[in-house]
Amino acid sequence: MLRIGPAGNSASFYASGHKKTVEEPEWLHSIGLTAFEYSFGRGITMSDETAQSLGSEALKHDIAVSVHAPYYINFANPSDDMILKSIDYVVRSVQKVKLMNGNRVVFHPAACGKDSREVAFARTVVNVGKLAKALENILDFDDYIVCPETMGKMQQIGRVEEVIELCKLDKHFYPCYDFGHINSYSQGALKGIDDYRRIIDLTYKELGEEKASHIHIHFSKIEYGKSGEIRHLTFDDTVFGPDYEPLAKIIDEYDMHPVIICESQEKMADDALLMKKCHKNI
C-alpha cells in the first residue's frame, strides 16, 4: 500500500483549530492522508506516554508513523565517543517510534568535515555497520526499518549510490530518497521521468524487490546553489523543482509501495494532497 502524508504539523493543521500533535492522525484521516513523520531533529524529548498516545491515535485512524532521528548524527566523525552518541540517537528513535505504532526511522548519514569524500564515506560504512550490530543486540523486536537519507549539500555523505551501499549492510536498512536533496546536489538534474527511472532501476538492481518497492521518500521543491541545498519551498515554486508527477508515474508503473513524506515549507499537508492526486489508484 502506498502511503502519503506530511512531515510535522502544517499551517493548515493549526488553522483548522488543532494545537497538539496527538490530534494529527485524526485530522490527516479526515482529509485523506495516510502517513505522518515526527521529527526528533533537535533532540528526543517526547515522553513515552505521549508517544503511546500518538501511537494509539495513529492505529485508530490508520496512519503510518515514521520518525526522523536527530539532525546532528554523523557516522563519519573520527571520535569513537561521538559515534556511540550517533548510534544511541538512532536506537532511541527506533524505540520511540515503536511506541508510536510505527517502524521507520530516517537518519542523516554523515558529513565529510575536513576529510576527503572517500575517507569520510569509508568511515561511515564501518560505523553504520556498528549501528546495525547495536540495533540487533539492544532491541527486543525485529520489525523495524532504518533509512539512511540522501542529502542535499555537497559536503554531506548521502548520494544515491552511497545510500544504496549503506543499505546493503543490513536487512533492516532501506533507502530514504529525498528527491529535493538529490536535485540539489545534482544541480537540477531531475528534469523528467527518465531521471527518476534511473534511480529506481538502480535500486531494484542493487537492493532487490523488497527494499526497492518499499523505499521511504521525502519530497519537496528545494532552492539550491553551488554548495547544494539552501531551503525548502512549496509546490507553488516554478523555478527550482523537482516536479512530482514524473516520480508518481514511475511509482505507479512499478507498482511500488513506499511511504512518501512531503516536506514543503509550512504546506506539507496541502502539497501532500496534491501529490496524492498524481497517483491513479489511491
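For the structure itself, consult the block above.
Source: prediction; values computed, not measured.

Q: Tell me what's going on with the overall build of the protein, and back it up with residues and numbers.
A: Helix and strand content of the protein: 10 helices and 12 strands. For 282 residues, the compact-globule estimate of 2.2 N^0.38 gives 19 Å, and the protein sits close to it at 18 Å. Its C-alpha atoms give the protein principal-axis dimensions of about 45 × 45 × 35 Å. In the protein, which comprises 282 residues, the proportion classed as buried is 57%. Carbon together with sulfur atoms contributes 49% to the accessible area of the protein, which is approximately 12600 Å² in total. Computed over 32 positive and 42 negative side-chain charges, the separation of the two mean positions in the protein equals 3 Å.

Q: Summarise the environment of His-108; cite the residues concerned and give the values.
A: Along the chain, the position of His-108 falls in the loop between β4 (104-107) and β5 (110-111). With a relative accessible area of 16%, His-108 lands in the buried category. Placed 11 residues apart in sequence, His-108 and Val-119 show a C-alpha to C-alpha distance of 17 Å. Aside from chain neighbours lying at most four places away, what touches His-108 is His-68, Tyr-71, Ile-73, Glu-149 and Met-151. Reaching out from His-108, the side chain makes a polar contact with the side chain of His-68 at a distance of 3.2 Å. At 3.2 Å, the side chain of His-108 and the side chain of Glu-149 are in polar contact.

Q: Summarise the packing of aromatic side chains; cite the residues concerned and give the values.
A: Enumeration according to the criterion identifies 13 aromatic pairs in this entry. Between Phe-219 and Tyr-244 the ring centres are 5.0 Å apart and the planes differ by 80 degrees, which places this aromatic pair in the edge-to-face class. With Phe-219 in strand β9 (residues 216-219) and Tyr-244 in the loop between β11 (228-232) and α9 (245-253), this residue pair connects regions lying 25 residues apart in the sequence. The buried category is assigned to Tyr-244, whose relative accessible area is 2%. Through a chain of ring-to-ring contacts, three or more aromatic side chains come together here, namely Tyr-177, Phe-179, Tyr-196, Phe-219, Phe-235 and Tyr-244. Directly above the ring of Phe-141 sits Lys-98, whose terminal nitrogen or CZ lies 4.8 Å from the centroid.

Q: Explain the nonpolar core to me, and be specific about the residues and the numbers.
A: One finds Phe-75, Val-94, Leu-135, Tyr-177, Phe-179, Phe-219 and Tyr-244 to be the most contacted residues of the largest nonpolar core, which totals 78 residues. Ignoring anything within four residues of it in the chain, the contact list for Phe-179 reads Leu-190, Tyr-196, Ile-199, Ile-200, Ile-217, His-218, Phe-219, Pro-242 and Leu-247. In this structure, Ile-145, Cys-147, Tyr-174 and Cys-176 belong to the second largest nonpolar core, which totals five residues.

Calculation criteria
Residues numbered from 1 in each chain as written. Predicted model: local features only at pLDDT ≥ 70, side-chain atom pairs only at ≥ 80, totals over all residues. Heavy atoms only, no water. Helix = DSSP H or I, 4+ residues; strand = E, 2+ residues; numbered from the N terminus. Rg over C-alpha atoms; globule rule 2.2 N^0.38 Å. Buried < 20%, exposed > 50% of the residue type's maximum accessible area, 1.4 Å probe, protein only. Areas by Shrake-Rupley, 256 points an atom, 1.4 Å probe, with all protein chains shown as cover. Lys, Arg positive; Asp, Glu negative; His and termini not counted. Charge placed at Lys NZ, Arg CZ, Asp CG, Glu CD. Contact = heavy atoms within 4.5 Å. Polar contact = N/O pair within 3.5 Å; in protein donor to acceptor, adjacent residues only side chain to side chain. Phe/Tyr/Trp six-rings, centres within 6.5 Å; stacked < 30°, edge-to-face > 60°. Lys NZ or Arg CZ within 6 Å of the ring centre and 35° of its normal. Core = buried A, V, L, I, M, F, W, Y, C linked by side-chain atoms within 4.5 Å.

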